[in-house]
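# An overview of the molecular structure
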Amino acid sequence: FGIGGDPSVIWHCDLGDQVYELSVADFSVIRSAPSPGGGPSGIGGDPSVIWHCDREVDLVYELSVADFSVIRSAPSPDIYPSGIGGDPSVIWHCDYLADQVYELATG
């Protein structure tokens, strides 16, 4: 359902309610964990940050790059979050039903 990253890391999520780190060489799974909300719909970031959103609970998250645990969460600006990405200095986000693109505060 979502994929993001940069040339050195790939973050991915799917309808199997999982978040993954994939190999940049061959897209094989390096590691995975359950999505915190049960309905992963977007993921992005870089080697130092993971931004994630979940359509089941209408939340956006910062996940730990070490173990995918939740560092913090906040309500999505609208219902049904569907995409998220960025880096430590910016978060880009969209909601499926709102027809909007948002820049969210990182701090």
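Above this note sits the structure.
Quick caveat: nothing in here was measured; it's all calculated off a predicted structure.

Regarding its fold elements, the protein chain presents zero helices and 11 strands. For the protein chain, the α and β elements follow one another from N to C terminus as β-β-β-β-β-β-β-β-β-β-β. Compactness check: the protein chain gives a C-alpha radius of gyration of 12 Å against a globular reference of 13 Å for 107 residues, within 12% of the reference. Looking at the protein chain as a whole, 43% of its 107 residues are labelled buried. Sequence-distant contacts, at least 24 apart, represent 32% of the contacts inside the protein chain between residues at least 6 apart. As displayed, the protein chain has an accessible area near 5300 Å², and 56% of this comes from carbon and sulfur atoms.

What follows covers the sheet that holds strand 10 (residues 90-95). The strand order across the open sheet built from three strands is 9-10-11, with neighbouring strands paired in antiparallel fashion. Of all the strands in the sheet, just strand 9 (81-87) and strand 11 (100-104) have a single pairing partner and so form its edges. Geometrically, the sheet is characterised by an average inter-axis angle of 20° between neighbouring strands, direction not taken into account. When strand 10 meets strand 11, the two strands line up antiparallel, connected through five bridges. When the sheet's bridge partners are listed, H93 is paired in strand 11 with Y102.

Further remarks concern the nonpolar core. V9, W11, C13, V19, A33, I43, I50, Y61, L63 and F68 together form the largest nonpolar core, which totals 10 residues. Going through the elements one at a time, strand 2 (9-14) and strand 7 (59-63) are the ones with two or more residues in this core. With three residues, the single largest contributor to this core is strand 2. With sequence-adjacent residues up to four places away left out, A33 is seen in contact with D17, Q18, V19, D67 and F68. The next biggest cluster of nonpolar side chains, apart from the first, holds nine residues, and it includes W51, C53, V60 and I91.

Right, let's talk about the sheet that holds strand 3 (residues 18-22) for a bit. Across a sheet, paired strands are connected by hydrogen bonds in the backbone, their directions being either parallel or antiparallel. Pairing in this open sheet of four strands is antiparallel, and the strands run 1-2-3-4 from one edge to the other. Where the open sheet ends on each side, the last strands, each with one partner, are strand 1 (2-6) and strand 4 (29-34). Direction aside, the axes of adjacent strands within the sheet are offset by 15° on average. As paired elements, strand 1 and strand 2 share five bridges and run antiparallel to each other. Within the sheet, the bridge partner assigned to D6 lies in strand 2 and is V9.

Rules behind the numbers
The written sequence of each chain sets the order in which its residues are numbered from 1. Confidence filtering applies because this is a predicted model: local features only for residues at pLDDT of at least 70, side-chain atom pairs given and counted only at 80 or more, and all residues used for totals across whole chains, interfaces and linings. Based on all heavy atoms of the structure, the side-chain values leave hydrogens and waters out of the count. Each helix is a run of H or I in the DSSP string that is no shorter than four residues. Each strand is a run of E no shorter than two, and both are numbered from the N terminus. The size measure is the radius of gyration over C-alpha atoms, and the globule rule it meets is 2.2 Å times the number of residues to the 0.38 power. Think of it in three bands: with a 1.4 Å probe and only protein chains considered, a residue is buried below 20% of the maximum accessible area for its type, exposed above 50%, and partly exposed in between. Residue contacts are counted whenever heavy atoms from the two residues lie within 4.5 Å of one another. Using the Shrake-Rupley algorithm and a 1.4 Å probe, accessible areas are obtained, with residue cover drawn only from the displayed protein chains. Pairing between strands requires that DSSP locate at least two bridges from one strand to the other. In this analysis an axis means a line fitted to C-alpha atoms, helices contributing only their contacting stretch, and an angle means the value between N-to-C directions, from 0 to 180 degrees. Joining through side-chain atoms within 4.5 Å is the link that ties buried Ala, Val, Leu, Ile, Met, Phe, Trp, Tyr and Cys residues into a set, and such a set is a nonpolar core.

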